Amino acid sequence: MKKNTPDVQGGPASYIGVAVWVMLLVIAASMPWWAERANLRLLAEFFYMLALAQMWNLLAGYGGMLSVGQQAYIGLGGYALVLLGLRAGINPFLVVPLAGLVAGVAALPIGFVVFRLRGAYFAVGTWVVAEVCRLLLANTTSLGGGSGLSVIQAVRDIPSWWREAFTLWMAVGLGGGATLFVYLLLRSRHGLALTAVRDSEQAAESLGISIGRIKWSVYVASAIGCGMTGALIFITKLRVSPEAAFSVDWTVAMFFIVVIGGIGTIEGPIIGAVIYFLLREVLNGFGSWYLIVMGAVAVGFMLWSPKGVWGLLVKKFDLHLFPVQRRLRLNIKKHLGSQ
Amino acid sequence: MTQWINILIQGALLGGLYALLATGLSLSFGIMRMINIAHGDLAILAAYLALAIAEPFGVNPFLTLLVVVPVMAVVGYVFQRTILNRTLGSDILPPLLVTFGVSIIIQNLLLEIFSADTRSLKIGTLSTDSINLIGGIAVGTFPLMVMMTAIGVLGALQCLFSFTKLGRAFRAASDDSETAQLMGINNKHIYGLAMAIAMAVTAIAGIYLAISTNINPAEGSARLIYAFEAVIIGGLGSIWGTLAGGLILGIAQSIGLQFDPGWGILAGHFAFLAVLMLKPNGLFPITRDR
């Protein structure tokens, strides 16, 4: 039977790429046994930021839905930790997937509102919704109001080694999982449909793609990813407050990572996250200068190389570690053989 | 009853400030089809420029307008010509991302230079004076000034758009930039001028903001949301719609504030979302959405 979408072909680099990536994940996961605690923390942070960046890249880079409000789901994940972990006494690491569920369910009505808006309006609308979430929780005195509350009680009973180890494993799982999810999604026909919608809604619709459904499912998927990551983030931060949980700084960080690394590529967020953390560590002690430098770098890339660092590498070496683009390659031998 | 009339008046006057803040955004949105995320931060930048002049030299904050407004106009023109024009095209993402980056740069530069302390421009008793009308209704003098300025600026823009050659070029570049170019209009220059005007108005808004409330370097993004809401409620490209948007937002906020101090801003956001649910293109859209 003939498939009606062209296959994605990867070169040797893609096998090496996947192998190296898996190896790195395994090394990262083994770190609790041999690395220092500070490094574990940093690595966990790297992976959860990667997870967020992949989710934002999926929305903005592949779906063309420029959300400035993904912090809504990070914050909801954080507050799911408060309700389920602190109040209901569920193991905080079990709360992480549940927080994804909470965020996903919240994304349904929110999607109903924001999908009435397009382009710029969508960007502003998502931001306003995130602000509404922040203000609603800041007005809920039973959840700590504006000053928030501590979740130390929820994690206190877990031995410290296990806490650090589980945090890292879950971060690796989320970062690696988000990357894998985007990769597999884009290799499927749904991914093709998604990028078609991004490039032209009219053309995609005329080819029989249900625009509403594909946008919704990607939006909800991204919300789930951000919600799970949010819960994990606040397990490490130990204190949830509306200001921190729903801060637009989360989206700013995702934006930097994705734009510098390369928007609309899977490799981009990985490289972008490495650069983000390198810059942050190098400029550590210079106050907010790392943000200024990062902002300048991001603006520079948008102006002169909109596809980011990864785009430069692709242009130079035709490298594809996670191939998702459909490329027409005429296989003459096979063609002749079938005659 | 009197109390509610006072609340409505306060809200409406607050709306004047929002409208002033939103006008620059509305211009760049309407003419360049560009969303300037750095808009709020540019307003705060103007406010800090005014602070840097007014505080050490003891100058009246209103006199700083004479310096800050032209400076910001030049900044706007240069910003548009050197950076923003390069990002314009059919895709809305590049200008959005670039201005997002610029917003972070301005915010953190201000933080490094002026620290995170809140500051405000002092105008003495004028900031608390009010005019008493019949029946216990009072109107704040300064808020009234802000509203008059907003109406004046919007009226001047309306005249510019309707009766001048430049205004016609603005409208042409907005409606169909390619055809406008065929007719001999230099779009890049026109966009630069539009941004210069937008930034001049934003400078006024920023200075008024710093007079009416305390500001800090991070204030820009919070203010940006209100400005966006005013523009979108009013409808793309509608000058008076922006004023209406500001009024609706200001009145919603001051009514919400009466019920609970935490609900003011929230009520504004709900009003915005409600308008968009009913009319996704805003109340009085004039320019076609491309």
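Keep in mind it's a predicted model, so treat the numbers as computed, not measured.

### So, the overall build of chain A
- Each helix and strand counted, chain A has 16 helices and 2 strands in total.
- The globule rule puts the C-alpha radius of gyration for 339 residues at 20 Å, and the 21 Å found for chain A is close to it.
- Structurally, chain A occupies a C-alpha span of about 70 × 50 × 40 Å along its principal axes.
- Here chain A holds 339 residues, and the buried ones make up 48% of them.
- Long-range pairs, those at least 24 residues apart, make up 79% of the contacts in chain A between residues at least 6 apart in sequence.

### So, the interface of chain A and chain B
- Counting residues at the interface gives 32 residues for chain A and 34 residues for chain B.
- Of all the elements, helix 5 (residues 119-138) of chain A adds the most residues to the side of chain A that touches chain B, at 12 residues.

### Digging into the domain arrangement of chain A
Residues and elements named next belong to chain A.
- Assigned domains within chain A: domain 1 (22-247) and domain 2 (248-325).
- The C-alpha centroid of domain 2 is placed 20 Å from the C-alpha centroid of domain 1.
- Each partner contributes residues to the interface: domain 1 has 22 residues there, and domain 2 has 20 residues.
- Elements supplying a minimum of two residues to the side of domain 1 that touches domain 2: helix 2 (37-62), helix 3 (71-87) and helix 7 (160-187).
- It is helix 2 that provides the largest number of residues to the side of domain 1 that touches domain 2, a total of 11 residues.
- Residue composition of the side of domain 1 that touches domain 2, grouped by class: 13 nonpolar, 8 polar and 1 charged.

### Overview of the packing of helix 2 of chain A against helix 7 of chain A
Residue and element names in this part refer to chain A.
- In the contact formed by helix 2 and helix 7, the axes pass within 8 Å of each other and the chain directions differ by 25°. Classified by the angle between their axes, helix 2 and helix 7 sit roughly parallel to one another. Pair helix 2 / helix 7 crosses with left-handed handedness. For the pair helix 2 and helix 7, the contacting residues are Arg37, Leu40, Leu43, Ala44, Phe47, Tyr48, Leu50, Ala51, Gln54, Met55, Leu58 and Tyr62 in the first and Glu164, Thr167, Leu168, Ala171, Val172, Leu174, Gly175, Ala178, Thr179, Val182 and Leu186 in the second.

### Thoughts on the nonpolar core
- Grouped together as the largest cluster of nonpolar side chains are 217 residues, with contacts concentrated most on Leu81(A), Leu20(B), Ala46(B), Ala47(B), Ala194(B) and Ile207(B).
- When we break this core down by domain, the ones giving at least three residues each are domain 1 (22-247) and domain 2 (248-325) of chain A.
- For Ala47(B), the residues in contact, after removing those within four places along its chain, are Gly206(B), Ile207(B), Leu209(B), Ala210(B) and Ile215(B).

Rules of the game
Think of each chain on its own: its residues are numbered from 1, step by step along the sequence as written. The lettering of chains begins at A and the numbering of ligands begins at 1, in the order of writing. At least 70 in pLDDT is required for a residue's local features to be given in this predicted model, at least 80 for side-chain atom pairs to be given and counted, and no such filter applies to totals for whole chains, interfaces and linings, which use all residues. Only DSSP runs of H or I with at least four residues qualify as helices, and only runs of E with at least two residues qualify as strands; both kinds are numbered from the N terminus onward. In this treatment the radius of gyration is a C-alpha quantity, and the globule benchmark scales as 2.2 Å times the residue count to the 0.38 power. Here exposure depends only on C-beta density: within 10 Å of a residue's C-beta, 20 or more other C-beta atoms make it buried, 12 or fewer make it exposed, and intermediate numbers make it partly exposed, the C-beta atoms being placed from the backbone. Note on contacts: residues are paired as contacts if their backbone-placed C-beta atoms lie within 7 Å. Where each domain begins and ends follows an automated or database-derived domain assignment. Under the scheme applied here, ten amino acids are nonpolar (Ala, Val, Leu, Ile, Met, Phe, Trp, Tyr, Cys and Pro), four are charged (Asp, Glu, Lys and Arg), and all others, including Gly, are polar. Interaxial angles span 0 to 180 degrees and are taken between N-to-C directions of axes, which are lines fitted to C-alpha atoms, for helices over the stretch in contact. With respect to orientation, any angle under 35 degrees is reported as roughly parallel, any angle over 145 as roughly antiparallel, any angle of 65 to 115 as roughly perpendicular, and every other angle as oblique. Two helices crossing with the near one rotated counterclockwise from the far one by less than a right angle form a left-handed crossing, whereas a clockwise rotation gives a right-handed crossing. A set of buried residues drawn from Ala, Val, Leu, Ile, Met, Phe, Trp, Tyr and Cys, joined through C-beta atoms within 7 Å, is what defines a nonpolar core.

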